Every structure is written in C-alpha cells, then in structure tokens.
Amino acid sequence: MGSINIAFRAQLVVPEQRQLYDYWLSRTEGGGLPTRADINPAHIPRLLPFISLIDVDDALHQSRVRLAGTRLRDVYDREITGLRIEELDLGPKRDYWMAAYRHTAVDGKPTQGIVRGPRVNKEHLVQYWIRLPLAAGNGGKGISMVLCLDYFISGLEEEERQANSA
C-alpha cells in the first residue's frame, strides 16, 4: 500500500491537498480506513473553509452534504450544507463528479483532480480537489462518509503558479 500512497500523493498539486491527504493517512490504523470519529477538525483548522463531509447513501445521488466550509458557499453562491448531491449545481460536469464520487464512496479509493470552471459563472476559478473515504464506525461495513477538500484559486493565480514552477 505504501507505493500506492506515494504515487497518489505525487499527483497532488497544491499543499492543501497534500496536507489533508497526509492527515487522513495518519488517521488510518492497521491499514484500514479512518472513520469520521478519527477526524478532528482542530487538527486541520487552516483547511476548514475548504472542507466538506458527505453522508453516503446507497443511492449515490441521494447522498447528503453534512457539512460544507465557507469557501464552498462562496463558490456555489448559497449554503450547500444539507443538500443532496443531486441538488448541487454541477452543470455539464455532473458525470465527471458522479464518477469521482462513486470511486471514493463505493470503491473506497481516494480520488483527486483539477477542474477549471467548477460551475457556471465560475469559469475564472481553478478547483483543486480531493475526496477521501471514511469507513463506517461501530462495526459498520463500507464507506459511510466522504471527506472532501475543494481548494479554489483564480485562473490568473494558476497561470502564475505554473509559470513559477516551470
């Protein structure tokens, strides 16, 4: 599993993705997945505006956003806490997001990526995201939650970041 973790981590572009992934890895015991009880927001205060938790439902589109950081409210132009996945304005990227969510919520695998224009009228933003599975606690089976980080920067900042890394 170690080489898989190293390969996945190498794909993470921004420090916020790596910080959450490293924290999530540190919470695993004996190679198993962490549970929600293993995650302490006090350990990652700088990331909280970008964090969301999604309660997994057997019908994936019915899964519900349990908690969404303030930066997500800014991007969605509304509070998304309490909304079902199917109620989120995902526009033409709906299939992309559902495939990523399925990979994490059903297959139990970390997922990450970069998207330009996370939604309509937000084309000026670049979204760096990561989705991490949380196991069901109390002897439950499968994935009960998905821990998400959605970090947004302007397209101009992204261009500057790429120029500086070249």
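Residues numbered from 1 in each chain as written. Predicted model: local features only at pLDDT ≥ 70, side-chain atom pairs only at ≥ 80, totals over all residues. Heavy atoms only, no water.

Trainee: Would you mind showing me how to read the packing of aromatic side chains here?
Mentor: Remark: the centre distance and the inter-plane angle together describe each pair of aromatic rings, the angle taken between the planes. Within the structure shown, the criterion is met by 6 aromatic pairs. Residues Y21 and W24 carry aromatic rings whose centres are separated by 5.8 Å and whose planes lie at 25 degrees to one another, so their mutual orientation is stacked. Here Y21 pairs with W24, and both are found in helix α2 (residues 15-26), just 3 residues apart, close to one helical turn. Across the pair, exposure class does not vary: Y21 and W24 are buried alike. By way of ring pairs, the aromatic residues F8, Y21 and W24 are connected into one cluster. (Phe/Tyr/Trp six-rings, centres within 6.5 Å; stacked < 30°, edge-to-face > 60°. Helix = DSSP H or I, 4+ residues; strand = E, 2+ residues; numbered from the N terminus. Buried < 20%, exposed > 50% of the residue type's maximum accessible area, 1.4 Å probe, protein only.)

Trainee: How should I be thinking about α2 in this particular structure?
Mentor: Each α-helix turn comprises 3.6 residues. Residues three or four places apart therefore point the same way. When the terminal C-alpha atoms of α2 are compared, their 16 Å separation across 12 residues agrees well with the 16 Å that a helix rising 1.5 Å per residue should span. Residues of α2 that are buried: E16, Q17, L20, Y21, Y23 and W24. The buried residues of α2 occupy an angular sector of 160 degrees when projected down its axis, which confines them to one face. (Expected span 1.5 Å × (residues − 1). Arc of directions from axis to C-beta.)

Trainee: What am I meant to see in the side chain of Q127 here?
Mentor: Relative to the helices and strands, Q127 resides in strand β4 (residues 125-135). Assessed through its relative accessible area of 5%, Q127 is described here as buried. A distance of 2.6 Å separates a polar atom in the side chain of Q127 from a polar atom in the side chain of D150. If we ignore the near neighbours within four places in the chain, the residues touching Q127 are W97, G113, I114, V115, P118, D150, Y151 and F152. (Polar contact = N/O pair within 3.5 Å; in protein donor to acceptor, adjacent residues only side chain to side chain. Contact = heavy atoms within 4.5 Å.)

Trainee: So what exactly am I meant to see when it comes to the side chain of T35 here?
Mentor: Tracing the backbone through its elements, the reader meets T35 in the loop between α2 and β1 (51-55). For T35, a relative accessible area of 18% translates into the label buried.

Trainee: What is the right way to read the pattern of salt bridges from this model?
Mentor: Should the charged atoms of two oppositely charged side chains come close, the side chains can pair. A full pass over the atoms with the stated rule returns 8 salt bridges. Across the pair E16 and R46 runs a salt bridge whose closest N-O atoms are separated by 3.2 Å. Residue E16 is located in helix α2, and its partner R46 is located in the loop between α2 and β1; the two are separated by 30 residues in the primary sequence. Owing to a relative accessible area of 46%, R46 belongs among the partly exposed residues under this scheme. As a salt-bridge pair, R84 and E87 come within 3.5 Å of each other at their nearest N and O atoms. Among the charged side chains, a network of salt bridges with common partners joins R84, E86 and E87. (Salt bridge = Lys/Arg side-chain N within 4 Å of Asp/Glu carboxyl O.)

Trainee: When you look at the sheet that holds strand β2 (residues 64-68) in this model, what are you seeing that I'm missing?
Mentor: Two pairing modes exist for strands in a sheet, parallel and antiparallel, and in both the strands are linked by backbone hydrogen bonds. The sheet built from 5 strands is open, its strands ordered β2-β1-β5-β4-β3 with antiparallel pairing. Looking at strand neighbours, the two that pair on one side only are β2 and β3 (111-116), the edges of this open sheet. Neighbour-to-neighbour, the strand axes of the sheet open up by a mean angle of 25 degrees, direction not taken into account. Pairing between β1 and strand β5 (residues 143-154): 5 bridges, direction antiparallel. Its bridge partner lying in β5, S52 is registered against C148. Strand contacts of α2: β1, β3, β4 and β5, with the helix running at about 5 degrees to β4, the strand carrying the most contacts. In this fold helix α4 (residues 94-105) packs onto β1, β3, β4 and β5, with an angle of close to 30 degrees to the strand it touches most, β4. (Pairing = 2+ DSSP bridges. Axes fitted to C-alpha atoms, helices over the stretch in contact; angles between N-to-C directions.)

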